[in-house]
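These are the residues of each chain, in order.
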Amino acid sequence: MDLNGLPTYGDDRGAHPPLLYPAYRSTQLRAPLRPPVLLPQRLTEVTGPLLGEERVTAADADLTTRSGGEPVGQRITLQGQVCDSDGRAVPHTLVEIWQANAAGRYAHERDTWPAPLDPHFAGVGRAMTGADGRYRFTTVRPGAYPWANHHNAWRPAHIHFSLFGRAFTQRLVTQMYFPDDPLHAFDPIFSSVPEPSRGRLVSRFSMDDTQPAWALAYHWDIVLRGQGSTPFDEPHEEDT
Ligand SMILES: [Fe+2]
C-alpha cells in the first residue's frame, strides 16, 4: 500500500516477454517506439466499475455442454489458484478462457485453415474464483494450428486466459500451455517469454484429479504480480 492506501506492486520486469521480439513478427509492427508512461492507479480505477458476480453461472465454466451436444476431443478439467504477489488468494475475480477446438480451429470467422469446425464447441468459457482463489473449467484439449508468422509455423496447443484483478483496469491476458508439447521450442510466442518464467506458462498433469472413465486433469496456478508473476501478453490479431 502507498501513503494513500492504494495498492503498489512489486517489480516484475524480467518476468514478461519484451514488447519487441523480432522472431514474433507482428511485434515489429506494434511495439511502441517510445518508453511507456506510467499511469498511476487512483481510487476511481481500483474501486470500480465492478462485475456483477451473478452474471457468471456454473454452466459458463463447462465448455463441453454449452453448444447443444458433446464436442469431439479429449475431455479435460483445468483448475488452479489465482494469487497476488504476496501469495494471497485472489477471490471472486473473473477468469475468462478461449481456445481452438480439438482439431486446432477457432470458431471465428477469421480462422479459415482447413481443419474441421465442431458445431458443439464454441471455445469460450468463464468462471469466478472462489473464496480460496480457485477456478475450475471442463473443456477439451485444443489442437495445434498453423499461423502466418513464418514458413511452416505452428502454435503449440494452448488456452488463452484473461484475468481481472480487483478492478477492470487490472486486466491481464496470457496463454497456458500443456506439458511435453514438442512445439514449444519452435514457437516464438512461447520463446519470447524470458527463460526463468517460461515454465510458469505450462500446466501440470494431475493424475490425482483425473476422473475415471470421464476426464484427464491439468493444474495451472496464476500469480498476478511480482517476480513470481505468470508472464502476460497482449491480445493480438494474428493469434486469435
Ligand atoms: Fe491462440
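What counts as what
- Residues numbered from 1 in each chain as written.
- Predicted model: local features only at pLDDT ≥ 70, side-chain atom pairs only at ≥ 80, totals over all residues.
- Heavy atoms only, no water.
- Helix = DSSP H or I, 4+ residues; strand = E, 2+ residues; numbered from the N terminus.
- Buried < 20%, exposed > 50% of the residue type's maximum accessible area, 1.4 Å probe, protein only.
- Areas by Shrake-Rupley, 256 points an atom, 1.4 Å probe, with all protein chains shown as cover.
- Donors = N, O, S within 2.8 Å, 3.2 Å for Na, K, Ca; no water.
- Tetrahedral: all angles 85-135°; square planar, octahedral: opposite > 155°, others 65-115°.
- Pairing = 2+ DSSP bridges.
- Axes fitted to C-alpha atoms, helices over the stretch in contact; angles between N-to-C directions.
- Phe/Tyr/Trp six-rings, centres within 6.5 Å; stacked < 30°, edge-to-face > 60°.

A. Spatial organisation of the overall build of the protein. Counting its secondary structure elements, the protein contains four helices and eleven strands. Out of the 240 residues in the protein, the part that is buried amounts to 45%. Counting every atom, the protein has about 13,200 Å² of accessible surface; 56% of that belongs to carbon and sulfur.

B. Representation of the coordination of the iron ion in the model. Coordination of the iron ion by the protein is provided by Tyr106 (OH), Tyr145 (OH), His158 (NE2) and His160 (NE2), with metal-donor distances spanning 2.0 to 2.2 Å. Coordination geometry of the iron ion: the four donor atoms subtend angles of 92 to 160 degrees at the metal centre, consistent with an arrangement described as irregular. Mapped onto the polypeptide sequence, the residues donating to the iron ion form the spacing pattern Y-x38-Y-x12-H-x1-H. Of the two residues, Tyr106 is situated in the loop between strand E2 (94–98) and strand E3 (124–128) and His160 in strand E7 (residues 158–163); the sequence distance between them amounts to 54 residues. In this structure, Tyr106 and His160 share a single accessibility class: buried.

C. Structural view of the sheet that holds E2. If you trace the four strands from one edge of the open sheet to the other, you get E3-E2-E7-E8, paired in antiparallel fashion. If you trace the sheet from one side to the other, it starts and ends with E3 and strand E8 (172–177), each paired once. Along the sheet, successive strands turn relative to each other by an average axial angle of 25 degrees, direction set aside. The pairing of E2 with E3 spans five bridges and is classified as antiparallel. Across the sheet, Leu94 pairs through a bridge with Met128, a residue of E3.

D. Up close: the packing of aromatic side chains. Enumeration over the complete set of coordinates arrives at nine aromatic pairs. Between Trp113 and Trp154, the aromatic rings sit 5.8 Å apart at their centres with planes inclined by 85 degrees, giving edge-to-face as the arrangement. Here Trp113, found in the loop between E2 and E3, pairs with Trp154, found in strand E6 (residues 153–155); they are 41 residues apart in sequence, far enough to count as distant. Between Tyr135 and Phe137, the ring centres sit 5.8 Å apart and the planes meet at 50 degrees, which makes this aromatic pair tilted. In terms of burial, Tyr135 and Phe137 fall into one category: buried. Taken together, the aromatic side chains of Tyr135, Phe137, Phe161 and Trp220 make up a single cluster linked through ring pairs.

Read these as spatial facts, not as claims about activity.
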